[in-house]
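Here is what each chain is made of, one letter per residue.
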Amino acid sequence: MENAINKIPEDYRIVFTLRELNGLSISETTEALQITESNVKVRLNRAKKLLRTEIEKMYAPEDIFEFNLIYCDRMVQNVMNQIQG
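In this text the structure is predicted, and so the values were computed from the model without any measurement. (Residues numbered from 1 in each chain as written. Predicted model: local features only at pLDDT ≥ 70, side-chain atom pairs only at ≥ 80, totals over all residues. Heavy atoms only, no water.)

Help me get a handle on the overall build of the protein, residues and values and all.
Of the regular secondary structure elements, the protein holds 6 helices and 0 strands. Written out in order from the N terminus, the α and β elements of the protein read α-α-α-α-α-α. When each of the 85 residues of the protein is scored for burial, the buried share is 19%. Nonlocal contacts in the protein, meaning residues at least 24 apart in sequence, comprise 52% of its contacts between residues at least 6 apart. (Helix = DSSP H or I, 4+ residues; strand = E, 2+ residues; numbered from the N terminus. Buried < 20%, exposed > 50% of the residue type's maximum accessible area, 1.4 Å probe, protein only. Contact = heavy atoms within 4.5 Å.)

Describe helix α6 (residues 73–84), with residues and values.
A rise of 1.5 Å per residue sets the reference length of α6, with its 12 residues, at 16 Å; its end C-alpha atoms lie 16 Å apart and thus fit the reference within 8%. G85 sits one or two positions beyond α6 and adopts a positive phi of about 85°. (Expected span 1.5 Å × (residues − 1).)

Help me get a handle on the nonpolar core, residues and values and all.
Counting 11 residues, the largest nonpolar core consists of A4, I5, I8, Y12, V15, F16, I35, V40, L44, A47 and L51. Residue assignment for this core shows that the elements contributing at least two residues are α1 (2–7), α2 (10–21) and α4 (37–58). Broken down by element, the residue count for this core peaks at 4 residues, all from α4. Residues contacting Y12, with those up to four places away along its chain left out, are R43, R46, A47 and L50. (Core = buried A, V, L, I, M, F, W, Y, C linked by side-chain atoms within 4.5 Å.)

How would you summarise a nonpolar patch on the surface if you had to cite specific residues and measurements?
On the surface, a cluster of nonpolar side chains totalling about 480 Å² of accessible area is made up of M75, V76, V79, M80 and I83. The residue V76 is located in helix α6 in this model. V76 sits in the partly exposed class, given a relative accessible area of 47%. (Patch = residues over 30% accessible without salt bridge, like charges linked within 9 Å, V, L, I, M, F, W, Y side chains within 5 Å. Areas by Shrake-Rupley, 256 points an atom, 1.4 Å probe, with all protein chains shown as cover. Salt bridge = Lys/Arg side-chain N within 4 Å of Asp/Glu carboxyl O.)

Just give me the short version of the side chain of E54, but keep the residues and values in it.
Within the secondary structure, E54 sits in helix α4. By relative accessible area, E54 is classed as buried at 13%. Look past the residues within four positions of E54 in its chain and what remains in contact with it is A4, K7 and I8.

Give me the lowdown on the packing of α2 against helix α3 (residues 26–33), citing residues and values where you can.
At a minimum axis distance of 10 Å, the contact between α2 and α3 shows a crossing angle of 140°. By the angle between their directions, the pair α2 and α3 is classed as oblique. Classified by chirality, the crossing of α3 by α2 is right-handed. Every residue of α3 that contacts α2 at I14, V15, L18 and R19 is listed here: I26, T29, A32 and L33. (Axes fitted to C-alpha atoms, helices over the stretch in contact; angles between N-to-C directions. Parallel < 35°, antiparallel > 145°, perpendicular 65-115°, else oblique. Left-handed = near helix turned anticlockwise from the far one by under 90°.)

With reference to specific residues and values, describe the side chain of T30.
Checked against the element boundaries, T30 lands in helix α3. For T30, the side chain forms a polar contact with the main-chain oxygen of S27, separated by 2.7 Å. Excluding residues that lie within four positions of it along the chain, T30 makes contacts with I35, T36, E37 and V40. (Polar contact = N/O pair within 3.5 Å; in protein donor to acceptor, adjacent residues only side chain to side chain.)

Pasting the structure below:
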């Protein structure tokens, strides 16, 4: 993930980092970067799209989207326990 983040343009990387990694709100990000709220939203969306593209370059689709039932077993058991009361 770090390699993918480093490959996207700085304007997008900074917004992504502030919002998603540091947990800043939109208004806090606008204040820190002196840009509009809509600009923060656009840059964040573009950053996510660019990151997805970079990550897809690094892995085969089956590695990214592989579905293993074992990861669901715990959740299924919890749901069944709730249903059964």
